[in-house]
Amino acid sequence: MNVWIAIALTVAGCYAVKLAGLLVPAGALERPTVRRLAALLPVALLAALTAQQTFSTGHALVLDARAAGLAAAGLALLLRAPFLIVVGAAVVVTAGVRALGW
């Protein structure tokens, strides 16, 4: 029964967050600071998620093949490669480093 209570609380929380977003006055959303924050927040969250997924395993920091793949993707981005090439470079370098046993 505890699982269903957790599910119900999660549903209620998600609905409350959605409702709070809809109840924000339009004037508050037009402020320059809010617009700038709304433009930068997704990039910051994606960067944090990428760093967390690349450099951690559970509760430990690691430096393994994923970091090499991320570096290859970053280099491909600096060279203005298309997205598919960026992903392919990351995959190939990560697989190559893992194949070498590093």
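Look up: the structure comes first, before these words.
It should be emphasised that the depicted structure is a prediction, and the values quoted were computed from it without experimental measurement.

Q: Just to check I follow, could you spell out the packing of helix α3 (residues 32-55) against helix α4 (residues 65-78) for this structure?
A: Closest axis-to-axis distance for the α3/α4 pair is 8 Å, and the angle between their directions is 140 degrees. Relative to α4, the element α3 is oriented oblique. Facing Thr-50, Gln-53, Thr-54 and Phe-55 of α3, the residues of α4 in contact are Arg-66, Ala-67 and Leu-70. The residue inventory of the contact of α3 with α4, partitioned by class, reads three nonpolar, three polar and one charged.

Q: Can you walk me through the side chain of Ser-56 in this structure?
A: As for its placement among the helices and strands, Ser-56 is situated in strand β1 (residues 56-57). Of note is the side chain of Ser-56, whose polar atom sits 2.5 Å from the backbone oxygen of Gln-52. Those residues in contact with Ser-56, other than ones at most four positions away along the chain, are Leu-61, Val-62 and Arg-66.

Q: Just checking my understanding: could you explain a nonpolar patch on the surface for this structure?
A: On the surface, Val-3, Trp-4, Ile-7 and Val-11 cluster together into a nonpolar patch covering about 440 Å² of accessible area. Counting through the fold element by element, Val-11 comes out in helix α1 (residues 2-23).

Q: How should I be thinking about unusual backbone geometry in this particular structure?
A: Excluding glycine, residues mostly have negative phi values, and the peptide bonds linking residues are mostly trans. Backbone geometry places Arg-80, a non-glycine residue, at a positive phi of 60 degrees. Structurally, Arg-80 can be placed in the loop between α4 and α5 (83-100).

How each quantity is defined
- Residues numbered from 1 in each chain as written.
- Predicted model: local features only at pLDDT ≥ 70, side-chain atom pairs only at ≥ 80, totals over all residues.
- Heavy atoms only, no water.
- Axes fitted to C-alpha atoms, helices over the stretch in contact; angles between N-to-C directions.
- Helix = DSSP H or I, 4+ residues; strand = E, 2+ residues; numbered from the N terminus.
- Parallel < 35°, antiparallel > 145°, perpendicular 65-115°, else oblique.
- Contact = heavy atoms within 4.5 Å.
- Nonpolar A, V, L, I, M, F, W, Y, C, P; charged D, E, K, R; others polar.
- Polar contact = N/O pair within 3.5 Å; in protein donor to acceptor, adjacent residues only side chain to side chain.
- Patch = residues over 30% accessible without salt bridge, like charges linked within 9 Å, V, L, I, M, F, W, Y side chains within 5 Å.
- Areas by Shrake-Rupley, 256 points an atom, 1.4 Å probe, with all protein chains shown as cover.
- Salt bridge = Lys/Arg side-chain N within 4 Å of Asp/Glu carboxyl O.

Spatial relationships are all this shows, so hold off on functional conclusions.
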